[in-house]
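Single-letter residue listing:
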Amino acid sequence: MPDPKLVRPWHGIPREQIVWHPTVDDDACIGCGTCVTGCGRLVYRFDFERKKAVIADPLNCLVGCTTCANTCPTHAISFPPLETIAELLERPEVHHAVEDELLMRKDQVAWQEALPHPDRLVRLVVTRKEPIGEKNLLVTLEPYGEEDCMCQFIPGQYLEIWVPGTPWMSRAYSIGSAPREDGRIELHLRRIEGGRFTTWAFAQLKVGDVLTVRGPLGHFVVRSSLDKPLLFVARGTGFAPIKAMIEQQLELTPARDLLLFWGVTDTSDFYELDLLSGWAKSDPNFRCVLTARTVSAGFVVPQGLEFRKGTCYDALEASRFEISKRDVYVAGPRKTVEATLRVLRAKGVPHEQILIDSYGN
Ligand code: SF4
Ligand code: SF4
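Keep in mind it's a predicted model, so treat the numbers as computed, not measured.

## Some remarks on the site of ligand 2
No. 1: What surrounds ligand 2 is the set Pro-22, Cys-39, Arg-41, Val-43, Tyr-44, Cys-61, Leu-62, Cys-65, Thr-66, Thr-67, Cys-68 and Phe-79.
No. 2: By residue class, the composition of the shell around ligand 2 is 9 nonpolar, 2 polar and 1 charged.

The structure is reproduced here in structure tokens:
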């Protein structure tokens, strides 16, 4: 019998609507019983006659858990593909569920203790806030005090940023600029419909606000040898870490062949086009293909850049550029990354030449 205490909605979705439970391959199962005794949610029973594990209460299984599969000595246990969870996470009711569930228990949760050690926090002051179209926000931050240095990071890394006075609400954003001596950095924020952080950032964040951040964090950085040509593929504000990387490469390795495909939904979502055009004019080794599904009235392709209607991965697929020898850096939502990986595979780019920075939807 499913246990009502265990068969609770998962992030707001009724448990019965989610297909997530183990399956045992009878031929592979040697009947060691590890899964049966190891699962505290009583999903399994043991068939003593056949000496096999059997699934008795699949709904008791914790969505996303794969512990029993990891401990089975013969790999007899399988689960639905991880995309099952990734697709659930894209549903709006799931979007804030973790935060909501923690907020309900905030008296039990020591938020201050949950914050990283103060030594690892930096304060940055907002010096510029500029909307880019309706969906994006460009924010410039500078060190608040002398000890708040933000000069040393590797382009491609990100920061965790807190809403002031709200220790439970933080989000991660890639730094959209290469390191500068004055410690100034740039962030590109994409509006998430109903998103708490971006709703606050678009409506309330103002010049002069002091933000607490943790970082730099992450390993999405250029790690290619100096002679390698590079391909960058970005979707939306996935452009931020890519822009920082290109900025760095133009300065450190100006002779390197750099190719960028940047896709957005509508041409009005583009920003920093003057900068890209300037790079293309001043550096013959930098080439850039912009893509958008729709074209707003008045859009003019900036000098030195190319434009294709559609997606960045379709443009990449149709492109004349030789890419199989390039190291590739891809940043954007999961679906774009997956589609890009399919194109890269078809074009013969080995897996080890690809580095990915992917976010939720
Ligand atoms: S852990 Fe694997 S081998 Fe052992 S009983 Fe479970 S399914 Fe069978
Ligand atoms: S995945 Fe976790 S909860 Fe589900 S059956 Fe295995 S151990 Fe139990």
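The rest of the description comes next.
## Notes on helix 7 (residues 196–203)
No. 1: Listed in full, the buried residues belonging to helix 7 are Phe-197, Thr-198, Trp-200, Ala-201 and Phe-202.
No. 2: Buried residues belonging to helix 7 abut strand 5 (121–132), strand 6 (136–143), strand 7 (158–162), strand 8 (170–174), strand 9 (185–190) and strand 10 (210–217).

## Looking at the site of ligand 1
No. 1: Lining the immediate surroundings of ligand 1 are 14 residues, of which Cys-29, Cys-32, Gly-33, Cys-35 and Cys-72 lie closest.
No. 2: Counted by class, the shell around ligand 1 contains 10 nonpolar, 4 polar and no charged residues.

## Here we look at the sheet that holds strand 9
No. 1: With antiparallel pairing, the 6 strands of this open sheet are ordered in space as 8-7-10-5-6-9. For this open sheet the edge positions go to strand 8 and strand 9, each flanked by a neighbour on one side alone. The sheet shows a mean angle of 40 degrees between the axes of neighbouring strands, direction not considered.
No. 2: Across 6 bridges, the pairing between strand 6 and strand 9 is antiparallel. Pairing of Val-139 across the sheet is with Leu-187, part of strand 9.
No. 3: The strands that helix 7 touches are strand 5, strand 6, strand 7, strand 8, strand 9 and strand 10; relative to strand 9, the one it contacts most, it runs at about 115 degrees.

## Thoughts on unusual backbone geometry
No. 1: With an omega of 5 degrees, the peptide bond running from Gly-215 to Pro-216 counts as cis.
No. 2: Mapped onto the fold, Pro-216 is located in strand 10.
No. 3: Notably, Leu-42 is not glycine yet its phi reads approximately 55 degrees, a positive angle.
No. 4: Summarising the element assignment, Leu-42 is placed in the loop between helix 1 (34–38) and strand 2 (44–47).
No. 5: Positive phi, close to 60 degrees, is recorded for Lys-51, a residue that is not glycine.
No. 6: Positionally, Lys-51 belongs in the loop between strand 2 and strand 3 (52–55).

## Notes on the pairing of strand 11 (residues 230–235)
Successive side chains on a regular strand alternate, one facing one side of the sheet and the next facing the other.
No. 1: Of all 6 residues in strand 11, 6 are buried, a share of seventy percent or more.
No. 2: Pairing geometry for strand 11 and strand 12 (residues 258–266), over 6 bridges, is parallel. Each bridged residue has a counterpart across the sheet, and for Leu-230 the counterpart in strand 12 is Leu-258.
No. 3: A crossover connection joins strand 11 to the parallel strand 12 through helix 8 (residues 239–252); in handedness this β-α-β unit is right-handed.
No. 4: Alignment of strand 11 against strand 15 (residues 327–333), held across 5 bridges, turns out to be parallel.

## Observations concerning the environment of Arg-334
No. 1: By secondary structure assignment, the location of Arg-334 is in helix 11 (residues 334–346).
No. 2: Along the sequence, Arg-334 and Ile-356 sit 22 residues apart, while their C-alpha atoms lie 9.8 Å from each other.

What counts and how
- Residues numbered from 1 in each chain as written.
- Chains lettered and ligands numbered in written order.
- Predicted model: local features only at pLDDT ≥ 70, side-chain atom pairs only at ≥ 80, totals over all residues.
- Heavy atoms only, no water.
- Near = heavy atom within 4 Å.
- Nonpolar A, V, L, I, M, F, W, Y, C, P; charged D, E, K, R; others polar.
- Buried < 20%, exposed > 50% of the residue type's maximum accessible area, 1.4 Å probe, protein only.
- Helix = DSSP H or I, 4+ residues; strand = E, 2+ residues; numbered from the N terminus.
- Contact = heavy atoms within 4.5 Å.
- Pairing = 2+ DSSP bridges.
- Axes fitted to C-alpha atoms, helices over the stretch in contact; angles between N-to-C directions.
- Right-handed = clockwise from strand over helix to strand, strands pointing away.

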